[in-house]
Amino acid sequence: MSPAPESKQDRRPPYQHAADELRRDILQGRIKPGEQMPAIRELQERFGVANMTMRSALNVLRDEGLIYTIHGRGSFVADHNPDGELSANYTAPAWYLANKGEKVGPAGQGAGGPDDTEAAEDVGTTLAEVLTALRDEIRALSADHQELRREVEELKAAQQPKP
């Protein structure tokens, strides 16, 4: 088996590559705040990906607060400051900061600038600590979710007519 070409060395999924490129376009002002994002079909052709892959990339940007979607109208760029920081306390995702070799700062400290590194050192938060905290929070939410499902099933069973 031959080694992967240089373009294949990065093993991240294609939706993350597309999200990274669109994030750069937004933060560098190529797509301005309030401006509508290109149609999904155009983005699919630009990145050479499937419909669901492109939707996943847009979901990443939506989760980060970089874009918002209006049903039936499309996706639009959220407002952010001219220096590239979002006005809504944007923090780049942990995997993005890890790829840049930076520590993860506390929420609301910006998008990986020099202040983030200093703040992270002050707080002593490392990527591993953040990921551990997120894992624990996900586990707690999952347990809550399971408990709610059980309660719903019990309520449904109680409402079933007895034969």
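Scroll up to find the structure this text is about.
Please read all numbers here as calculations on a predicted model, not as lab measurements.

1. Let's talk about the overall build of the protein chain
And step 1. Scanning the protein chain from terminus to terminus reveals six helices and two strands.
And step 2. From first element to last, N terminus to C terminus, the protein chain shows the α and β order α-α-α-β-β-α-α-α.
And step 3. Counting only residues that meet the buried cut, the protein chain has 27% of its 163 residues in that class.
And step 4. Taking contacts inside the protein chain between residues at least 6 apart in sequence as the whole, the part at least 24 apart equals 45%.

2. Looking at the pairing of strand β2 (residues 74-77)
And step 1. In terms of strand pairing, strand β1 (residues 67-70) meets β2 through four bridges, oriented antiparallel. Pairing of Ile 67 across the sheet is with Val 77, part of β2.
And step 2. Joining the antiparallel neighbours β1 and β2 is a turn of three residues, in which Gly 72 adopts a positive phi near 85°.

3. Some words on the pattern of salt bridges
For side chains of opposite charge, pairing can occur when their charged atoms come near one another.
And step 1. Tallied over the entire structure, the rule returns eight salt bridges.
And step 2. Close ionic contact of Asp 20 with Arg 23 constitutes a salt bridge, the shortest N to O distance being 2.6 Å. Taken together, the residues span about one helical turn, with Asp 20 and Arg 23 both in helix α1 (residues 14-27) at a distance of three residues.
And step 3. Look at Asp 20 and you get buried, because its relative accessible area is 8%.
And step 4. Assessed through its relative accessible area of 1%, Arg 23 is described here as buried.
And step 5. Between Arg 46 and Asp 25 there is a salt bridge, with the nearest N and O atoms lying 2.7 Å from each other.

4. Topic: α1
And step 1. Taking 1.5 Å of rise per residue, the 14 residues of α1 would be expected to cover 20 Å, and the 20 Å separating its terminal C-alpha atoms lies within 8% of that figure.
And step 2. Where α1 is concerned, the buried positions are Gln 16, Ala 18, Ala 19, Asp 20, Leu 22, Arg 23, Asp 25 and Ile 26.
And step 3. The first or second residue beyond α1 is Gly 29, which carries a positive phi of 85°.

5. Some remarks on the side chain of Glu 64
And step 1. Positionally, Glu 64 belongs in the loop between α3 (51-63) and β1.
And step 2. Polar side-chain contacts of Glu 64 include one of 2.7 Å to the side chain of Arg 23.

6. So, the packing of aromatic side chains
And step 1. All chains considered together, the criterion is met by one aromatic pair.
And step 2. Taking the centre distance of 5.8 Å and the plane angle of 25° together, the rings of Tyr 68 and Phe 76 count as stacked.
And step 3. On the basis of relative accessibility, which here comes to 37%, the residue Tyr 68 falls in the partly exposed class.

7. Focus: the packing of helix α2 (residues 40-47) against α3
For any two helices packed against each other, the geometry comes down to the angle between their axes and how far apart the axes lie.
And step 1. Remark: α2 packs on α3, axes separated minimally by 9 Å, with the N-to-C direction vectors making an angle of 100°. Between α2 and α3, the crossing angle belongs to the class labelled roughly perpendicular. Here Ile 40, Leu 43, Gln 44 and Phe 47 of α2 lie close against α3, whose contacting residues are Asn 51, Met 54, Arg 55 and Leu 58.

So, how was this worked out
Residues numbered from 1 in each chain as written. Predicted model: local features only at pLDDT ≥ 70, side-chain atom pairs only at ≥ 80, totals over all residues. Heavy atoms only, no water. Helix = DSSP H or I, 4+ residues; strand = E, 2+ residues; numbered from the N terminus. Buried < 20%, exposed > 50% of the residue type's maximum accessible area, 1.4 Å probe, protein only. Contact = heavy atoms within 4.5 Å. Pairing = 2+ DSSP bridges. Salt bridge = Lys/Arg side-chain N within 4 Å of Asp/Glu carboxyl O. Expected span 1.5 Å × (residues − 1). Polar contact = N/O pair within 3.5 Å; in protein donor to acceptor, adjacent residues only side chain to side chain. Phe/Tyr/Trp six-rings, centres within 6.5 Å; stacked < 30°, edge-to-face > 60°. Axes fitted to C-alpha atoms, helices over the stretch in contact; angles between N-to-C directions. Parallel < 35°, antiparallel > 145°, perpendicular 65-115°, else oblique.

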